[in-house]
Amino acid sequence: MTTDTALQAADAVFMAEQAVGRARGVVDELHTTINSAIRVLDDAELDSAKARLSDRGGYYLEAAGEHLSRLQRRCSDNAELADELTGHLERASQAIADAHDVLRDVDTSDPELAVEVAQLKPRLAVMGEMIDLAKPIARLTAQHVDSAHLAAQHVTPPSLLEPVTLERSIATAGKELGRADEDVRLLENVVDHAAASARQSAGIATEITDNARRRLAERGRAQVPRQAAAPAYGSPAR
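Residues numbered from 1 in each chain as written. Predicted model: local features only at pLDDT ≥ 70, side-chain atom pairs only at ≥ 80, totals over all residues. Heavy atoms only, no water.

### Considering the overall build of the protein
Broken down by element type, the protein carries 4 helices and 0 strands. Ordering the α and β elements of the protein from the N terminus gives α-α-α-α. Each of the 238 residues in the protein was classed as buried or not, and the buried ones make up 43%. Taking contacts inside the protein between residues at least 6 apart in sequence as the whole, the part at least 24 apart equals 87%. (Helix = DSSP H or I, 4+ residues; strand = E, 2+ residues; numbered from the N terminus. Buried < 20%, exposed > 50% of the residue type's maximum accessible area, 1.4 Å probe, protein only. Contact = heavy atoms within 4.5 Å.)

### Some details on the environment of K121
With respect to the helices and strands, the residue K121 is situated in helix α3 (residues 111–153). Through-space distance from the C-alpha of K121 to that of L103 is 8.1 Å; in sequence the pair is 18 residues apart. With residues near it in sequence (within four places) discarded, K121 still touches H100 and L103.

### A few points about the pattern of salt bridges
Scanning all chains against the criterion turns up 8 salt bridges. With a shortest N-O distance of 3.7 Å, K135 and E90 are connected by a salt bridge. Of the two residues, K135 is situated in helix α3 and E90 in helix α2 (residues 57–103); the sequence distance between them amounts to 45 residues. In this structure, D181 engages R185 in a salt bridge whose closest nitrogen and oxygen atoms are separated by 3.0 Å. Remark: R185 and D181 occur in helix α4 (residues 163–222); sequence separation between them is 4 residues, near one turn of the helix. Under the relative-accessibility criterion, D181 is labelled buried at 10%. (Salt bridge = Lys/Arg side-chain N within 4 Å of Asp/Glu carboxyl O.)

### Observations concerning the side chain of S169
You can see S169 is positioned in helix α4. At a separation of 3.3 Å, a polar atom in the side chain of S169 contacts the main-chain carbonyl oxygen of A151. In this structure, S169 is in contact with A151, H154 and V155, ignoring residues within four places of it in sequence. (Polar contact = N/O pair within 3.5 Å; in protein donor to acceptor, adjacent residues only side chain to side chain.)

### Notes on a negative patch on the surface
Among the surface-exposed residues, D77, E80, D83 and D146 lie close enough to one another that they form a single negatively charged patch. Among the elements that line the negative patch, the one with the most residues is α2, at 3 residues. (Patch = residues over 30% accessible without salt bridge, like charges linked within 9 Å, V, L, I, M, F, W, Y side chains within 5 Å. Areas by Shrake-Rupley, 256 points an atom, 1.4 Å probe, with all protein chains shown as cover. Lys, Arg positive; Asp, Glu negative; His and termini not counted. Charge placed at Lys NZ, Arg CZ, Asp CG, Glu CD.)

Below you can see the structure in the form of structure tokens.
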């Protein structure tokens, strides 16, 4: 494994760590916005109930409709975050694959490098497994958010005159958002494990980088020609 190849492998690991870190941040945002959507839906459900029990039914139905309009916006935000999350996970997978490709034909004649690579490979494998597990969960989260969005879209001004339609939409959206919330909680756990492996891998990659540059510097010093100690003949021109 040449010094350049060692640096390429380390760069791929650093890219994977960066992508996983960004994915973890998006998961946090996704959890926050899903919880916000659930609170909006709770408000809609409360106003729907008030519409049935109050003599100001029209006012509360209109308020419930406004909450569902807000819910649609929250779902749109969640859908964008889910797409962003998928992108980060895909970039992490590609970087891990690139690192594996570089490490596949490692020259283990250098004992120090052999130890570093032996430590790095299993951590990369764990990170890859966690990313592979996270991707379908992210897709499932997006599907549940889309279903909640569709349920909210069924509530139109004319449909507010039909309480059954409103209640059905609220119930469907609530079920789908509840599932999305469960998905994100699982995603947090999976991506946390991926992030831990990414940090460990990056630490080893830093050692590989430092040692590769040290070996390169040592070779450079060894190639510097020794200056002859013999006296110079003649004298400089004046």
